[in-house]
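# Summary of the model geometry
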Amino acid sequence: GPQPGHYPLDHIEAYVESALANGADHLAFTEHLYRCVESKAVLGTWWDDDPRKDLRDYTRSYVRAERVLSLERYVQAVVDAKDHGLPVRLGLEVDFFPETAEAVVEFLEPYPFDILIASTHWVGAWGIDLEDQAFQFARTGHRQAYEDYFRIETELAASGLFDVLAHADVVKKQGAFLDEVPHDLYEELAVASARGGTAVEVSTAGLYQPAKEMYPAKPLLERFHNHSVPITLASDAHLPEHCGRDRDRAVELARSVGYTQRIEFERRVGSLVPLA
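Residues numbered from 1 in each chain as written. Predicted model: local features only at pLDDT ≥ 70, side-chain atom pairs only at ≥ 80, totals over all residues. Heavy atoms only, no water.

### Looking at the overall build of the protein chain
Definition in use: Counting from the N terminus, the helices are the DSSP runs of H or I reaching at least four residues and the strands are the DSSP runs of E reaching at least two. Note on method: radius of gyration uses C-alpha positions; expected globular size equals 2.2 Å times residues raised to 0.38. The rule is simple: take the accessible area with a 1.4 Å probe, protein chains only, and divide by the maximum for that residue type; under 20% is buried, over 50% is exposed, in between is partly exposed. Two residues form a contact once any of their heavy atoms are found within 4.5 Å. All accessible-area figures derive from a Shrake-Rupley calculation using a 1.4 Å probe, and residue coverage is judged against the displayed protein chains alone.
Each helix and strand in the protein chain was counted, giving 10 helices and 10 strands. Whereas a compact globule of 276 residues would reach a radius of gyration of roughly 19 Å, the protein chain reaches 18 Å, a difference of no more than 12%. Looking at the protein chain as a whole, 53% of its 276 residues qualify as buried. For the protein chain, contacts bridging at least 24 residues in sequence account for 75% of all contacts bridging at least 6. Counting every atom, the protein chain has about 12,400 Å² of accessible surface; 49% of that belongs to carbon and sulfur.

As structure tokens, then:
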């Protein structure tokens, strides 16, 4: 593929072709905000206050290595693809840190985003979904890790600042499951999403990760449905050929808990459409 930060039209078209072949009628691109050089000022150094030096040092160098993209160039590429008539939406995946969330939203305001998805990837300096930091589960304890993660995720859902929760239970990505389903944490998150007006994505990406299951887990998706939280469908594709993969399985999971509709966003306004 092209170099990071380069978005040739034929590369964008390849994503579109794959999405359409898998049954979608359009797709949203959702690059990570933290990977854009412009994010440095607004996201700050969230790892600095963490007392765990090894995690601090790792995250500092990890973010430095990843932060090579231009938000301006990314936005322009998707806007140009739209102008070419491609069925694409301009999105962004925003990392949620309670202390910077308001400033981030203000910073993103001038851009013509259709959809902002948001996620919790870091608990302090701990990249909770990173393979290189999976050892931290044993140190923290699985239940405590889930509580710490869901506390932040619940605050994100309640904030109402973003449109959709990305991979809501990504804490399980590296295969860190609990012996008992954390119904209490799931219920709190679903209530917060309903209150904040934050939708949730049903993502097939987890099928290809150590967790080997979709996001969110079925008992969590049941809670979201109980509280009438709308869903989007996602594949979290990092390669064109993965775009929209297993979409039928996401639809099947959503149907199995009672969903008949999904929500689509354009210029940050959501509208419900039939699930499939």
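### Remarks on the layout of surface pockets
Applicable threshold: A cavity, in this analysis, means grid points on a 1 Å lattice covering only the protein atoms where a 1.4 Å probe fits yet has no way out; a pocket is instead an open set bounded by protein on both sides within 12 Å along at least five of seven lines, and a residue lines either one if it has an atom within 4 Å of a point. Grid points are joined across faces, edges and corners, and a volume is the space filled by probe spheres set on the points. Amino acids are sorted into nonpolar (Ala, Val, Leu, Ile, Met, Phe, Trp, Tyr, Cys and Pro), charged (Asp, Glu, Lys and Arg) and polar (every other residue, Gly among them).
In this structure, the second largest pocket encloses a volume near 190 Å³. Every residue lining the second largest pocket is listed: W46, D49, D50, F96, F97, P98, E99, W122, G124 and I152. Of the residues contributing to the lining of the second largest pocket, the split by class is 6 nonpolar, 1 polar and 3 charged.

### Considerations on the sheet that holds strand β2 (residues 88-95)
Selection criterion: Pairs of strands are assigned from DSSP output, requiring at least two bridges between the strands. Orientation is described by axes fitted as lines to C-alpha atoms, over the contacting stretch for helices, and by angles from 0 to 180 degrees between their N-to-C directions.
An order of β1-β2-β3-β6-β7-β8 is seen for the 6 strands of this open sheet, with the pairing classed as parallel. Every other strand in the sheet has two partners, leaving β1 (27-32) and β8 (231-234) as the edge strands with one partner each. Relative to the sheet, helix α10 (residues 247-256) contacts β7 (199-203) and β8, its axis offset from that of β8 by approximately 155°.

### Examining the side chain of R247
To keep things clear, this is the line we draw: Charge counting treats Lys and Arg as positive and Asp and Glu as negative, with His and both chain ends excluded. Basic side-chain nitrogens of Lys or Arg form a salt bridge, by our definition, when they fall within 4 Å of a carboxyl oxygen of Asp or Glu. Whenever two N or O atoms come within 3.5 Å, that pair is a polar contact, provided that in protein one can donate a hydrogen and the other can accept it, and provided that, for residues adjacent in sequence, both atoms are side-chain atoms.
If you trace the backbone, R247 turns up in helix α10. One buried charge, R247, has no salt-bridge partner; the nearest side chain with opposite charge is D25, at 5.6 Å. Looking at R247, its side chain comes within polar contact range of the main-chain oxygen of G23, at 3.3 Å.

### A few points about the side chain of R35
Here R35 lies in the loop between β1 and α2 (39-43). Of note is the side chain of R35, whose polar atom sits 3.3 Å from the side chain of E31. If near-sequence neighbours (up to four positions away) are discounted, R35 is found in contact with E66, R67, V68 and L69.

### Things to note about the packing of helix α8 (residues 183-196) against helix α9 (residues 218-226)
Defined as follows: In this scheme the handedness of a crossing depends on how the near helix is turned from the far one: anticlockwise by less than a right angle means left-handed, clockwise means right-handed.
One way to put it is that α8 packs onto α9 with a least axis distance of 8 Å and a crossing angle of 35°. Along this stretch, α8 crosses α9, giving a crossing that reads as right-handed. Taking contact as the criterion, the partners of H183, Y186, E187, L189, A190 and S193 in α8 are, on α9, P219, L220, R223 and F224. Of the residues belonging to the contact of α8 with α9, the class tally is 6 nonpolar, 2 polar and 2 charged.

### Remarks on α9
Worth spelling out the cut-off: Throughout, the arc means that of the directions going from the helix axis to the C-beta atoms.
Considered for burial, the residues of α9 that qualify are L220, L221 and F224. Around the axis of α9, the buried residues are gathered within 100° of arc, so they sit on the same side. Of the surrounding secondary structure, the elements contacted by the buried residues of α9 are α7 (142-159), β6 (164-165), α8, β7, β8 and α10. Just downstream of α9 lies S228, where phi reads positive at about 55°.

### Thoughts on unusual backbone geometry
With an omega of -10°, the peptide bond between Y215 and P216 qualifies as cis. Within the element layout of this structure, P216 appears in the loop between β7 and α9. In this structure, H167 is a non-glycine residue whose phi angle is positive, near 20°. Inspection of the secondary structure puts H167 in the loop between β6 and α8. On the basis of relative accessibility, which here comes to 4%, the residue H167 falls in the buried class. The phi dihedral of R267 falls on the positive side, at around 50°, and the residue is not glycine. Assignment of secondary structure puts R267 in the loop between β9 (261-266) and β10 (269-274). For R267, a relative accessible area of 55% translates into the label exposed.

### Comments concerning the pattern of salt bridges
This structure, assessed with the given rule, holds 18 salt bridges. Here K53 makes a salt bridge to D57, at a shortest N to O gap of 2.5 Å. Placement of both K53 and D57 in helix α3 (residues 53-66) is noted, with a separation of 4 residues, approximately one turn of the helix. A salt bridge links R60 to D57, with the shortest nitrogen-to-oxygen separation between them at 3.1 Å. Taken together, the residues span about one helical turn, with R60 and D57 both in helix α3 at a distance of 3 residues.

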